[in-house]
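Coordinate inspection notes
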Amino acid sequence: MIDCIFCKIVSGEISALKIYEDDLTLAFMDIAKDVDGHILAISKKH
């Protein structure tokens, strides 16, 4: 098993405010409070 924070977000182990999701991609809000509106887009495959 890969211990990757992004893999944990994709699997739902770590919650995230999802903005967009399809079969290959997940986009979610950054949890950093210093940047308003910053969105991260990641591949669902590690």
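Numbers given to residues run from 1 along each chain, matching the order in which its sequence is written. Totals for whole chains, interfaces and linings use every residue, but because this is a predicted model, local features are given only for residues with pLDDT of at least 70 and side-chain atom pairs only at 80 or more, for both listing and counting. Hydrogens and water molecules were not included; the side-chain quantities draw on all heavy atoms of the structure.

1. A closer look at the overall build of the chain
- A count of helices and strands for the chain gives one helix and three strands.
- Strands here mean DSSP runs of E at least two residues long; helices mean DSSP runs of H or I at least four residues long; both are numbered from the N terminus. Each helix (α) and strand (β) of the chain, taken in turn from the N terminus, gives the series α-β-β-β.
- Projecting the C-alpha coordinates of the chain onto the three principal axes gives extents of approximately 30 × 20 × 15 Å.
- Each residue is assigned to one of three classes by its accessible area relative to the maximum for its type, calculated with a 1.4 Å probe on protein chains only: buried under 20%, partly exposed between the two thresholds, exposed over 50%. Every one of the 46 residues in the chain was classed for burial, and the buried ones make up 13%.
- Contacts are assigned to residue pairs with any non-hydrogen atoms lying within 4.5 Å of each other. The long-range share in the chain, meaning contacts at least 24 apart out of those at least 6 apart in sequence, stands at 13%.
- For the chain, the accessible area works out to roughly 3800 Å², and carbon and sulfur atoms hold 58% of it.
- Of the side-chain charges in the chain, 5 are positive and 8 negative, and the distance between the mean point of each set is 5 Å. Each accessible area is a Shrake-Rupley result for a 1.4 Å probe, and residues are judged covered by the shown protein chains and nothing else. Working convention for charge: Lys and Arg count positive, Asp and Glu count negative, and His plus the chain ends are omitted. Every charge is mapped onto a representative atom, which is NZ of Lys, CZ of Arg, CG of Asp or CD of Glu.

2. Concerning the pattern of salt bridges
- Salt bridge, as applied in this entry: a Lys or Arg side-chain nitrogen positioned within 4 Å of an Asp or Glu carboxyl oxygen. All told, the structure shown has three salt bridges when counted by the stated rule.
- Salt-bridge contacts for glutamate 21 lead to lysine 44; the nearest nitrogen and oxygen are separated by 2.7 Å. Placement of the pair is glutamate 21 in strand S1 (residues 18-21) and lysine 44 in the segment after strand S3 (39-43), with a sequence separation of 23 residues.
- By relative accessible area, lysine 44 is classed as partly exposed at 25%.
- Three or more residues joined by partner-sharing salt bridges are found here, namely Lys18, Glu21 and Lys44.

3. Topic: a nonpolar patch on the surface
- Patches draw on residues past 30% relative accessible area with no salt bridge. Two like charges within 9 Å are joined, as are two nonpolar side chains (Val, Leu, Ile, Met, Phe, Trp, Tyr) within 5 Å. The grouping of Leu17, Ile19, Tyr20 and Ile39 at the surface amounts to a nonpolar patch, some 410 Å² of accessible area in total.
- Note that isoleucine 19 resides in strand S1.
- By relative accessible area, which is 45% here, isoleucine 19 ends up partly exposed.

Honestly, that's just the spatial picture; any functional story needs more than this.
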